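Coordinates in review
As a plain string of letters, each chain reads:
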Number of protein chains: 2
Amino acid sequence: MSEVRVHNFSISLDGFGTGDVQSADAPFGHAGERLHEWMFATRFWDKTGGSLGADNAFADRNSVGIGAEIMGAGKFGPPGWQDDADWKGWWGPNPPFHSPVIVLTHRPRPAIEMEGGTTFHFLDATPAEAIEQAKTAADGKDVRIGGGATVIRDCVAAGLVDHMHLVQVPIVLGRGVRVWDGLEALEDSFDIEATSTPSGVTHLTFTKRR
Amino acid sequence: MSEVRVHNFSISLDGFGTGDVQSADAPFGHAGERLHEWMFATRFWDKTGGSLGADNAFADRNSVGIGAEIMGAGKFGPPGWQDDADWKGWWGPNPPFHSPVIVLTHRPRPAIEMEGGTTFHFLDATPAEAIEQAKTAADGKDVRIGGGATVIRDCVAAGLVDHMHLVQVPIVLGRGVRVWDGLEALEDSFDIEATSTPSGVTHLTFTKRR
């Protein structure tokens, strides 16, 4: 059975998945890269020198068994990317997805085929509709909700997510987009585990009860 | 040197130290006792049957070397306790503080001496003024900021806290009083450690840099 999963989504202690204000020069706003330093230090990211401890074990689950990703417009590009006909995402010619990627936007455009198996599809749809299309595209594999915080919490609030992995980083951002808003009583439908690691982060895993 | 410390202050994943709405029947609002179950299970709380693991080691630091506590009006009683001349707190004739306790309120009343060494002093003052008085009352020992969330974050924001221990419980409350508000960039002045334990909570310790 194809599942819907969230992986490696980093948040601050106060729950922000991105800072304020996002721009072409600052994809995560005033958070900079601080939310992701834990990941850059793992073998998952740094194929030659990265660590092989608990952070890497969690991070590496990101790609296992995934057949498609869904992301929000705010992850695909800076505010206003819809006005740039040549914008093809942040990731260069060979993006790290290697699967169909559905980009949710109110201004869809024709699909873009990239190197390495990534194809960006642009869709103006609800989370449920997007997940249905993504499951078809994933061909029996799982669907990853890639973020940002708004898309993740919309999908979780709609009861569409089977598993979620958040990584809490010991900084207080104070402003940005908060992943928790609207998710009251999440513990009623998910088993929640917390695992802090020597790097200082805490991995929070949410496994949907059956 | 007398220090100002916070201990055993429990918060939800989304940072609420108390739920909504507080009342005489529900001191923590819709949070009920869920924020404190981890503590009830320790030897610190349950002197005959409680656990002696990591949760207890953290919890037990609460009382070591403390000479006075400061608490907000919302911790001392339900909304409107100031209208009840007989209100002496939630804790019965022998409260668990065993020290002078400064209660911050805009409607101070004469001090109340309780059994077991606890005396409640009522003060209409800024956090800095309250801490100065508490340090005098503590006679060289440390001062504990007992909560609630508003008093803690006011004291932290004013740079008056040397050490803070928060306990993150795996529930999402969605509403209440959030401890993080106004504390952006806390990591610049504190070393932060996270320790998750088998009970499912994560202890967050903040040690002020010197």
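Our subject is the structure that appears above.
Bear in mind the structure is a predicted one, so any value in this text is a computation, not a measurement.

Analysis parameters
Residues numbered from 1 in each chain as written. Chains lettered and ligands numbered in written order. Predicted model: local features only at pLDDT ≥ 70, side-chain atom pairs only at ≥ 80, totals over all residues. Heavy atoms only, no water. Helix = DSSP H or I, 4+ residues; strand = E, 2+ residues; numbered from the N terminus. Buried < 20%, exposed > 50% of the residue type's maximum accessible area, 1.4 Å probe, protein only. Contact = heavy atoms within 4.5 Å. Areas by Shrake-Rupley, 256 points an atom, 1.4 Å probe, with all protein chains shown as cover. Lys, Arg positive; Asp, Glu negative; His and termini not counted. Charge placed at Lys NZ, Arg CZ, Asp CG, Glu CD. Least-squares fit on C-alpha atoms with pLDDT ≥ 70 in both. Expected span 1.5 Å × (residues − 1). Arc of directions from axis to C-beta. Buried area = accessible area lost by both parts, 1.4 Å probe. Salt bridge = Lys/Arg side-chain N within 4 Å of Asp/Glu carboxyl O. Polar contact = N/O pair within 3.5 Å; in protein donor to acceptor, adjacent residues only side chain to side chain. Pairing = 2+ DSSP bridges. Phe/Tyr/Trp six-rings, centres within 6.5 Å; stacked < 30°, edge-to-face > 60°. Lys NZ or Arg CZ within 6 Å of the ring centre and 35° of its normal. Axes fitted to C-alpha atoms, helices over the stretch in contact; angles between N-to-C directions.

1. Focus: the overall build of chain A
A count of helices and strands for chain A gives five helices and eleven strands. Dimensions of chain A, computed from the C-alpha atoms along their principal axes, are close to 45 × 40 × 35 Å. For chain A, with 210 residues in total, the buried portion stands at 51%. Long-range contacts, defined here as pairs at least 24 residues apart, represent 62% of the contacts in chain A between residues at least 6 apart. By element, 51% of the accessible surface of chain A is carried by carbon and sulfur atoms, the whole surface being about 9400 Å². Across chain A, the centroid of the 18 positively charged side chains sits 2 Å from that of the 28 negatively charged ones.

2. Details of the relation of the copies chain A and chain B
Superposing chain A onto chain B takes a rotation of 180 degrees combined with a translation of 0.0 Å along the rotation axis, leaving an RMSD of 0.0 Å. What the superposition gives is, in effect, a two-fold axis relating one chain to the other. Looking at the rotation axis and the C-alpha trace of chain A, the residue lying nearest is A:S196, at 2.6 Å.

3. Remarks on helix α4 (residues 127-138) of chain A
One turn of the α-helix equals 3.6 residues, which is why residues spaced by three or four share an orientation. Residues and elements named next belong to chain A. In a regular helix each residue adds 1.5 Å, so twelve residues correspond to 16 Å; α4 covers 16 Å between its end C-alpha atoms and thus fits that length. The set of residues buried in α4 consists of A130, I131, A134 and A138. Along the axis of α4, the buried positions cluster into a sector of 100 degrees, meaning they face one direction only. Residues of α4 that are exposed and angled more than 90 degrees away from the buried face: E132 and T136. Elements that come into contact with the buried residues of α4 comprise β1 (4-12), β3 (66-72), β4 (100-104), β6 (119-123), β7 (142-147) and α5 (149-157).

4. Considerations on the interface of chain A and chain B
The interface is formed by 27 residues belonging to chain A together with 27 residues belonging to chain B. Together chain A and chain B conceal approximately 2000 Å² of surface at their shared face, both sides included; 52% is due to carbon and sulfur atoms. Its largest share of buried area at the contact with chain B, chain A owes to A:L13, A:V172 and A:E184, together 29% of the area lost on that side. Two residues, B:R175 and A:E184, come together in a salt bridge whose shortest N-O distance is 2.8 Å. The interface formed by chain A and chain B includes 13 residue pairs in polar contact (both at pLDDT 80 or more). Elements with a contribution of two residues or more to the side of chain A that touches chain B: β10 (190-196) and β11 (202-208) of chain A. With four residues, β10(A) is the single largest residue contributor to the side of chain A that touches chain B.

5. Concerning the sheet that holds β11(A)
What holds strands together in a sheet is hydrogen bonding between their backbones, with the strands either parallel or antiparallel. Residue and element names in this part refer to chain A. Ordered in space as β5-β6-β4-β3-β7-β1-β8-β11-β10, the nine strands form an open sheet in which the pairing is mixed. Two strands bound the open sheet, and with one partner strand each, they are β5 (112-113) and β10. As paired strands, β1 and β7 are joined by two bridges and run parallel to one another. Following the sheet pairing, V4 is matched in β7 by V143.

6. Concerning the packing of aromatic side chains
Each aromatic ring pair is summarised here by two numbers: the centre-to-centre distance and the angle between the ring planes. All names here are of chain A. A complete count under the given rule lists 24 aromatic pairs over all chains for this structure. Relative to F120, the ring of F97 lies with its centre 6.3 Å away and its plane at 75 degrees, an arrangement referred to as edge-to-face. Remark: F120 occurs in strand β6 and F97 occurs in the loop between α3 (73-76) and β4; sequence separation between them is 23 residues. The same class applies to F97 and to F120, which are both buried. Each residue in the set F76, W81, W91, F97, F120 and F122 is aromatic and connected to the rest through ring pairs, giving one cluster. Residue placement shows R109 over the ring face of F122; its charged tip is 5.9 Å from the ring centre.

7. Quick word on the environment of A:Q22
All names here are of chain A. Within the secondary structure, Q22 sits in the loop between β2 (16-18) and α1 (37-40). We classify Q22 as partly exposed; its relative accessible area is 27%. The contact partners of Q22, leaving out residues within four places of it in the chain, are P27, G29, G74 and P79. For Q22, the side chain forms a polar contact with the main-chain oxygen of P27, separated by 3.1 Å.

8. So, the sheet that holds strand β7 (residues 142-147) of chain B
All names here are of chain B. What the nine strands build is an open sheet, ordered β5-β6-β4-β3-β7-β1-β8-β11-β10; its pairing is mixed. Unpaired on one side and paired on the other, β5 (112-113) and β10 (190-196) mark the two borders of the sheet. In terms of strand pairing, strand β3 (residues 66-72) meets β7 through five bridges, oriented parallel. Bridging from a neighbouring strand, I66 pairs with D142 of β7. Seen against the sheet, helix α4 (residues 127-138) touches β1 (4-12), β3, β4 (100-104), β6 (119-123) and β7 and runs at an angle of roughly 150 degrees to β3. Lying over the sheet, helix α5 (residues 149-157) contacts β1, β3, β4, β7, β8 (163-169) and β10, oriented at roughly 135 degrees with respect to β7.

9. So, unusual backbone geometry
All names here are of chain A. Residue V21 follows D20 across a cis peptide bond; omega there is 0 degrees. Inspection of the secondary structure assignment puts V21 in the loop between β2 and α1. Of note, H98 is a non-glycine position whose phi angle comes to about 55 degrees, a positive value. Mapping H98 onto the fold places it in the loop between α3 and β4.

10. Concerning the pairing of β1(A)
All names here are of chain A. For β1, the tally of buried residues reaches nine of nine residues, placing the bulk of the element in the interior. Pairing of β1 with strand β8 (residues 163-169), which is carried by six bridges, proceeds in the parallel orientation. The partner of I11 across the bridge, within β8, is Q168.

Shape descriptors only; they carry no functional weight alone.
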